[in-house]
Amino acid sequence: MEPAMHSVGVVLMLLLATPQPGGPHIDAKRIVTLSDGDFLGQSYATGRLSPGGPDYRDLLTVMAPGREPVGRTTLEVSNSVTSAPEVLEVSPDGKWAYVVERLGPRPAGATWVRELPLGRRLFAVELPEEGAPRLADTVDVGLAPEALAVSPDGQWVAVVSNSDEDCLLTLVRRQRAGLGLVSRFPLRELGIVGNGQGPRGGLTATQVQWHPSGRYLAVNLNTWNRVVFLEVIPTSRGSPRVRPWGLPVETGVDPFVGRFTPDGGYYITADWGRNLTAPTLEERIPRRPSSLSVIRLDRSRASTPRHQRVGGALTDESSEGLAISPDGRLVATVNMRGTPFLPDSPRFVREATVTLLAFDARTGTLRKLSDHPFEGVLPEGATFDASGRHLLVTVFQSHEGGPAGGALEVFRVQPGNQARLHHVGRIPMPHGVHHVRISH
C-alpha cells in the first residue's frame, strides 16, 4: 500500500470503526458524499475550471462504518457545487441515494465555467449491502435543478429547479427499480409569482424540504427573502395535489438553505446575506456575519395557517451549510468566510468556521455558543451522525501546498448547557467534496 493510501486507511479505521455506546466513533450505517471535479475552490473568482483528469471527477463516494476492512466505493455522477449543498439525499431505508445536477457534464476541451451546460437530471443510485453503488435510473426534472429532498416514507423525491420562465417543483415517485411517476408544479400556478426584474419575475428557488409528517414542503426563495410552505395531498389518480399552506414568511436576506426541526414545530433558515445583483465575487460576498431565521409553524386546523418568524441569531461570514442535531437541541452552520478568494485578495483567509448554537423548542430561541475554526477551502455541507455525538463537515479542497483532494472534518460534540465541538480528525476525500449525508 502506498504511504498516502496507508494514511487514509488508518484515518478511516480510527474514525469509522464500529460505534460503541458513548464511544468516539461515527454512528452511521453509511456515509455518502458528493464531489464536483469540474470546479476548483477559486473557480468562482477566476472563472477557470479544474485541469481535469482522473483526480478531478464528479463522484458519489460511499463509506460503510462498522465493516472490516473499512473502505470506500465510488460512482461517477454528474453534479455541481454551484447549487446549495442540498443536491444529495439518502432514502430513509438507506438503499438509495439521489443526486441532481445544476450544471451538466463538462464538454470536451472546456476550460471556463461559462462553458458548462445547464443540467436537468435527477439520478437514482442503488446502494447495495455489498459492492459498489449502481446508477439505476434518471429522469428530467427541469432546467438547472437546485435542490432535492426525500419524503420521510421514502416514496417521493421533491426537486426545485429554475428555468428562464419559472421556478418548478417536481415530485418524482419512487418505484422498486428506480424512479416512476413525475408530477410538475410551476410555482406561478400555485400563486407564487415574482414582481421583480429578470427571469421568473426575480424569483429563485434554492431549497426544498419535507416536513417530518410528510404532508408539507418548504421552498426557500432566496431572492425574495421568503419561505413558502406547501401542502401535498394524495389523490386516487396517483399524482398528488399541491397547494399553499399559509402565506409566505419573510426571513433575513438570502435564505439559501433551511431545515425543519425534528419535532416539526419550526423551520430554520440560514440567511447568507449576499448581494445577488453584484457583478464580482468581492462585491457579492458580504463582509458581515450571516444569520439564522426561526419560523414557528402554525399546525392548527385554521383555513389559513399563520406561520411566523419568531427570532434568529448571527453566525459567521458566508454561512452556507446547515445541520440540526437529531434531538433538535443543536444547530450548526458551516461558514466559508474568505476561503474562496484568491490568496492575493485582501478578503482571503485560511480558516473557515463552524458555528454551534443551542435551540430551545419551547420558545423558538437560538443562542450562539461558539465558532470553531479549521483550515480548508470552500466548506459547505454538514450533517450530524445518528447519535448526535459527531458533526461531519465537507472541505472542497486544501489550501495551496496542502494535501491533494478534499476532506471530511470530524468534530465530536461535547453535550451540555454549554455544548462545544472538539476536532477529532480529518478523513481524506476526493477533490471537490461539497455535500455529505448519512443513513442510520
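None of these values were measured; they are calculated from a predicted model. (Residues numbered from 1 in each chain as written. Predicted model: local features only at pLDDT ≥ 70, side-chain atom pairs only at ≥ 80, totals over all residues. Heavy atoms only, no water.)

Asks: Account for the overall build of the protein, with residues named and values stated.
Replies: In terms of helices and strands, the protein carries 3 helices and 29 strands. Scaling as 2.2 N^0.38, a compact globule of 440 residues should have a C-alpha radius of gyration of about 22 Å, and the protein matches this with 20 Å. Based on the C-alpha atoms only, the size of the protein along its principal axes is roughly 65 × 55 × 50 Å. Taking all 440 residues of the protein together, 57% fall into the buried category. (Helix = DSSP H or I, 4+ residues; strand = E, 2+ residues; numbered from the N terminus. Rg over C-alpha atoms; globule rule 2.2 N^0.38 Å. Buried < 20%, exposed > 50% of the residue type's maximum accessible area, 1.4 Å probe, protein only.)

Asks: Please give an account of the sheet that holds strand 21 (residues 319-324) that cites residues and values.
Replies: The strand order across the open sheet formed by 4 strands is 21-22-23-24, and the pairing between neighbours is antiparallel. The open sheet has two edge strands with one neighbour each: strand 21 and strand 24 (365-375). The sheet shows a mean angle of 20° between the axes of neighbouring strands, taken without regard to direction. Sheet topology note: the strand 21/strand 22 (residues 330-335) ladder contains 5 bridges and is antiparallel. Paired with L322 across the two strands is T333, which belongs to strand 22. (Pairing = 2+ DSSP bridges. Axes fitted to C-alpha atoms, helices over the stretch in contact; angles between N-to-C directions.)

Asks: Requested: an account of the nonpolar core, with residues and values cited.
Replies: Counting residues in hydrophobic clusters, the biggest one holds 30 residues, and the most contacted among them are F39, I268, L292, V331, F359 and L366. Of all elements in the fold, only strand 17 (255-260), strand 18 (266-271), strand 19 (289-296), strand 21 and strand 23 (351-360) reach the threshold of two or more residues within this core. The element best represented in this core is strand 18, accounting for 3 residues. Beyond its immediate chain neighbours, meaning those up to four positions away, V331 contacts I268, L292, L322, A323, I324, T355, L356, L357, F359 and L366. Grouped together as the second largest cluster of nonpolar side chains are 27 residues, L122, L127, V139 and V150 included. (Core = buried A, V, L, I, M, F, W, Y, C linked by side-chain atoms within 4.5 Å. Contact = heavy atoms within 4.5 Å.)

Asks: I'd like a rundown of the confidence of the model for the protein, residues and numbers included.
Replies: Predicted confidence across the protein gives a mean pLDDT of 92, with 93% of residues reaching 70 or more. Here residues 1-10 is modelled with pLDDT under 50, and outside its nearest four sequence neighbours on either side it reaches 3 contacts, counting other chains as well. Low pLDDT (under 50) marks residues 18-23, which in the prediction has 9 contacts with non-local residues, meaning those over four places away or in another chain. (pLDDT = per-residue confidence, 0-100.)

Asks: Run through the side chain of T251, naming residues and quoting values.
Replies: Mapped onto the secondary structure, T251 falls in the loop between strand 16 (249-250) and strand 17. Ignoring anything within four residues of it in the chain, the contact list for T251 reads N225, R226, V227, T269, D271, S293, I295 and R309.

Asks: Which residues make up the pattern of salt bridges, and what values do they have?
Replies: Here the structure, examined in full by the defined rule, presents 22 salt bridges. Notably, a salt bridge pairs R188 with E189, separated by 3.9 Å at the nearest N-O pair. The class of R188 is partly exposed, set by a relative accessible area of 45%. The exposure class of E189 is exposed, given its relative accessible area of 59%. E409 is paired through a salt bridge with R426; the nearest N and O atoms lie 2.3 Å apart. Here E409 is found in strand 27 (residues 406-414), whereas its partner R426 is found in strand 28 (residues 420-429), with 17 residues between them in sequence. One network of salt bridges, with partners in common, ties together E86, E89, R259 and R437. (Salt bridge = Lys/Arg side-chain N within 4 Å of Asp/Glu carboxyl O.)

Asks: How would you summarise the pairing of strand 13 (residues 216-221) if you had to cite specific residues and measurements?
Replies: It is a general feature of regular strands that their side chains alternate between the two faces of the sheet. Burial of strand 13 is extensive: 6 of the 6 residues sit out of reach of the surface. Here strand 13 shows two buried faces, one formed by Y216, A218 and N220 and the other by L217, V219 and L221. As paired strands, strand 12 (residues 205-210) and strand 13 are joined by 5 bridges and run antiparallel to one another. Looking at strand 13, one finds that V208 is bridged to V219. The turn linking strand 12 back onto strand 13 is made up of 5 residues, and G214 within it adopts a positive phi angle of 75°. Across 6 bridges, strand 13 lies against strand 14 (residues 226-233) in antiparallel orientation. From the neighbouring strand, L217 faces strand 14, where its bridge partner is L230. Between strand 13 and the antiparallel strand that follows it, strand 14, lie 4 residues; N225 among them carries a positive phi value of about 55°.

Asks: I'd love a proper account of unusual backbone geometry, names of residues and values included.
Replies: One can expect most non-glycine residues to show negative phi and most peptide bonds to be in trans. In this structure, A144 takes a positive phi of about 55° despite not being glycine. Take A144: it is sitting in the loop between strand 7 (134-140) and strand 8 (145-150). Given the relative accessible area of 7%, A144 is considered buried.

Asks: Quick rundown of the sheet that holds strand 20 (residues 308-317)? Include the residues and the values.
Replies: If you trace the 4 strands from one edge of the open sheet to the other, you get 17-18-19-20, paired in antiparallel fashion. A single partner strand is all that each edge strand has here, and the edge strands are strand 17 and strand 20. Across the sheet, the axes of successive neighbouring strands diverge by a mean angle of 20°, strand direction being ignored. Relative to strand 19, strand 18 runs antiparallel, the two being bridged by 6 bridges. When the sheet's bridge partners are listed, A270 is paired in strand 19 with L292.

Asks: Tell me about the environment of L59, and please be specific about residues and values.
Replies: With respect to the helices and strands, L59 occurs in strand 2 (residues 59-63). As for L59 and H431, which are separated by 372 residues in sequence, their C-alpha atoms are 9.1 Å apart. In contact with L59, other than residues within four places in its own chain, are T33, L34, S35, T74, L75, E76, V77, N79 and P430.

Asks: If you had to explain the environment of R362 to someone new, which residues and values would you point to?
Replies: Relative to the helices and strands, R362 is located in the loop between strand 23 and strand 24. With near-sequence residues (within four places) excluded, R362 lies in contact with Y266 and R296.

Asks: Which residues make up the side chain of S293, and what values do they have?
Replies: Following the sequence through the fold, S293 ends up in strand 19. In terms of polar contacts, S293 uses its side chain to reach the side chain of R309, at 2.9 Å. Residue contacts for S293: discarding those within four places in its chain leaves T251, G252, Y267, I268, T269, D271, R309, G311 and G312. (Polar contact = N/O pair within 3.5 Å; in protein donor to acceptor, adjacent residues only side chain to side chain.)

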